[in-house]
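# Remarks on the overall topology
The primary structure of each chain is shown beneath.
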Amino acid sequence: MKQSTRIFVAGHRGMVGSAIVRALRASSRAVHIVTRSHDELDLTDQHAVRQFFAQEDVDQVYLAAAKVGGIHANNTFPADFIYENLMIEANVIHEAWRAGVAKLLFLGSSCIYPRLAEQPMAEAALLTGPLEPTNEPYAIAKIAGIKLCESYNRQYGADFRSVMPSNLYGPGDNYHAENSHVIPALIRRFHEAKQDDAETVVIWGTGRPKREFVYVEDMARACVHVMDLAPEVYRAHTLPMQNHINIGSGEEYSIADLAAMVKRAVGYRGKIETDPTKPDGTPRKLLDNSLLKALGWRNEVGLEEGLRLAYEDFLSSLARSNAESAVRQ
């Protein structure tokens, strides 16, 4: 008999995957976490994924591996985003089923919902209208992942589940100047402006679109919570062709208000200006989180506190990067 549950966290080095690893280790259950770096296992390679599952006796999978990025990255590399994400999810989900994995959790994104969906966006809004053009290829791939899980459940009786988090931020985020999401991009921009004594920070778009944010540690707890639900409970709260669950905080902020909050967290004293020539993206993206709340989950970290913690993480990552550069020189 196994002494612990063997759990494969795909994408364990990313912000989402690393948070799930921390959440699993903090749980009281006996778990053995299986991980592979990209160099060790290319998830877009079906043969390699098949060999991995044949060699590892995995009980559960958290599929957090994905190619992700902000508006600029999605607009610039649409083929990369749709191809890599389709390949990763198709390989992992199919080979997990072939290997007899008991449970799998697929992590999607709130961009699966129509651009002008009624707010807040309930799970039933999926496939009811056109997507946001700037990230449509990525959204299509994520919708395909949901439908893969549903299809294997319907045809083979698998227990594959899906969660749709809203915008995530926190430890392990990507702070790239151009290819990151809005919070890490703003943190970097305001920090550099503070260091340079710049008078102004310019943010993309009009500042009017509203967004919802979830601290990544809260999201990870939600993922473990959903995976721990008994199969009959999960099935009772979802439908065969609509069995994904939203993960959201239930609060939304305009990009202008968010920028002001990041400005305070960083300690920048200059002005904020908008650039309406840059795309705004979807006007609103507030998730209806009533289903997850009914299943017993609540977020714990508010945005003000989360931004402070995220800035501390940025400073730590910057220090590590500078130390590594000094060693190489």
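Look above for the structure.
Quantities reported herein were computed from a predicted structural model and do not represent experimental measurements. (Residues numbered from 1 in each chain as written. Predicted model: local features only at pLDDT ≥ 70, side-chain atom pairs only at ≥ 80, totals over all residues. Heavy atoms only, no water.)

## What to know about the packing of helix H2 (residues 46-55) against helix H4 (residues 78-98)
Rules: Lines fitted to C-alpha atoms define the axes here, with helix axes fitted over just the stretch in contact, and angles between the N-to-C directions of these axes take values from 0 to 180 degrees. Helix and strand assignments follow DSSP, with helices taken as H or I runs no shorter than four residues and strands as E runs no shorter than two, numbered in order from the N terminus. Here is the rule for handedness: rotate from the far helix to the near one, and if that takes an anticlockwise turn smaller than a right angle the crossing is left-handed, while a clockwise turn gives right-handed. The contact rule is simple, with two residues in contact once any of their heavy atoms fall within 4.5 Å. Following the grouping adopted for this structure description, the nonpolar residues are Ala, Val, Leu, Ile, Met, Phe, Trp, Tyr, Cys and Pro, the charged ones are Asp, Glu, Lys and Arg, and the polar ones are all others, Gly among them.
Taken N-terminus to C-terminus, the directions of H2 and H4 make an angle of 35°; their axes are 9 Å apart at the nearest point. In this structure, H2 crosses over H4, and the sense of that crossing is right-handed. Where H2 approaches H4, its residues Gln-46, Val-49, Arg-50 and Phe-53 are matched on the opposing element by Asn-91, Val-92, His-94, Glu-95, Ala-96 and Arg-98. Of the residues contributing to the contact of H2 with H4, the split by class is four nonpolar, three polar and three charged.

## Considerations on unusual backbone geometry
The omega torsion of the bond from Gln-119 to Pro-120 falls at -10°, within 30 degrees of zero and hence cis. Note on placement: Pro-120 falls in the loop between strand E4 (103-107) and helix H5 (136-156). With phi around 65°, Leu-127 is a residue other than glycine that occupies positive phi space. Tracing the chain through its elements places Leu-127 in the loop between E4 and H5. Look at Asp-197: it is not a glycine, yet its phi comes out positive at around 55°. If you trace the backbone, Asp-197 turns up in the loop between helix H6 (182-196) and strand E7 (200-204).

## A closer look at the sheet that holds E4
Heads up, the condition is: Being paired, for any two strands, means DSSP has found at least two bridges between them.
Strand order in this open sheet of six strands is E2-E1-E3-E4-E5-E9, and the pairing throughout is parallel. Lying at the two open borders of the sheet, with one neighbouring strand each, are strand E2 (31-34) and strand E9 (244-247). Going from strand to strand, the sheet's axes swing by 20° on average, the running direction of each strand aside. Sheet analysis places strand E1 (residues 5-10) next to E2, joined by four bridges and oriented parallel. Residue Arg-6 lies in a different strand from E2, and its bridge partner there is His-32. Running over the sheet, helix H1 (residues 15-26) touches E1, E2, strand E3 (60-63) and E4 and is turned about 160° from E1. Where helix H7 (residues 216-228) meets the sheet, its contacts fall on E3, E4, strand E5 (160-165) and E9, and the angle it forms with E4 comes to roughly 145°.

## Here's the deal with the side chain of Glu-212
Note the threshold: With a 1.4 Å probe rolled over the protein chains alone, any residue whose accessible area is under 20% of its type maximum counts as buried; one over 50% counts as exposed, and the rest are partly exposed. Charge assignment: positive for Lys and Arg, negative for Asp and Glu; neither His nor the chain ends contribute. Salt bridge, as used here, is a side-chain nitrogen of Lys or Arg placed within 4 Å of a carboxyl oxygen of Asp or Glu. Here a polar contact means two N or O atoms within 3.5 Å. Within protein one must be a hydrogen donor candidate and the other an acceptor candidate, and residues neighboring in sequence count only if both atoms are side-chain atoms.
As for its placement among the helices and strands, Glu-212 is situated in strand E8 (residues 210-215). Notably, Glu-212 is buried but unbridged: the nearest opposite-charge side chain belongs to Lys-285, and the N-O separation is 8.9 Å. A polar atom in the side chain of Glu-212 sits 2.7 Å from the backbone nitrogen of Gly-250. Polar side-chain contacts of Glu-212 include one of 2.9 Å to the backbone nitrogen of Leu-287. The contact partners of Glu-212, leaving out residues within four places of it in the chain, are Ser-166, Asn-167, Gly-248, Ser-249, Gly-250, Glu-251, Glu-252, Lys-285, Leu-286 and Leu-287.

## A closer look at the packing of aromatic side chains
Inclusion rule: Note on aromatic contacts: the rings of Phe and Tyr and the six-membered ring of Trp form a pair at centre separations within 6.5 Å, being stacked when their planes are under 30 degrees apart, edge-to-face when over 60 apart, and tilted otherwise.
Under the definition given, this model contains twelve aromatic pairs. Seen in terms of ring centroids, Tyr-152 and Tyr-156 are 5.7 Å apart; in terms of plane orientation they differ by 40°. Their pairing is tilted. With Tyr-152 and Tyr-156 both in helix H5, this residue pair falls four residues apart, about one helical turn. We classify Tyr-152 as buried; its relative accessible area is 13%. The class for Tyr-156 is partly exposed, based on a relative accessible area of 41%. A ring pair is formed by Phe-190 and Tyr-268, whose centres lie 5.5 Å apart and whose planes are at 55°; its orientation type is tilted. Highlighted residues: Phe-190 in helix H6 and Tyr-268 in the loop between helix H9 (255-266) and strand E11 (271-275), separated in sequence by 78 residues.

## Here we look at H4
Rules: Expected helix span is taken as 1.5 Å per residue step, with the number of steps being one fewer than the number of residues.
Over its 21 residues, H4 runs 30 Å from end to end, which matches the ideal 30 Å to within 8%, given 1.5 Å per residue. When we look at burial in H4, the residues that qualify are Phe-81, Asn-85, Ile-88, Glu-89, Asn-91, Val-92, Ile-93, Glu-95 and Ala-96. Where H4 is buried, its residues meet H2, E3, helix H3 (71-76), E4, H5 and E5. Directly beyond the C-terminal end of H4, a positive phi value near 80° is found at Gly-100.

## Points about empty space enclosed by the protein
Definition in use: The distinction between a cavity and a pocket rests on a 1 Å grid over the protein atoms alone: a 1.4 Å probe fits inside a cavity but cannot get out, while a pocket stays open yet meets protein on both sides within 12 Å along at least five of seven lines, and a residue with an atom within 4 Å of a point counts as lining. Grid points are joined across faces, edges and corners, and a volume is the space filled by probe spheres set on the points.
Tallied over the entire structure, the rule returns one cavity of 30 Å³ or more. Around the largest cavity, the lining residues are Ser-110, Cys-111, Tyr-113, Pro-114, Met-121, Glu-132, Thr-282, Arg-284 and Lys-285. Residues of the lining of the largest cavity, tallied by class, amount to four nonpolar, two polar and three charged.

## With respect to the side chain of Asn-74
For Asn-74, the location among the structural elements is in helix H3. Looking at Asn-74, the relative accessible area reads 6%, which means it is buried. Within the local environment of Asn-74, its side chain forms a polar contact with the backbone oxygen of Gly-69, the two atoms lying 2.9 Å apart. What Asn-74 contacts, discounting residues up to four positions off in sequence, is Gly-69, Phe-81, Thr-134, Asn-135 and Tyr-138.

The values are spatial; any link to function lies outside them.
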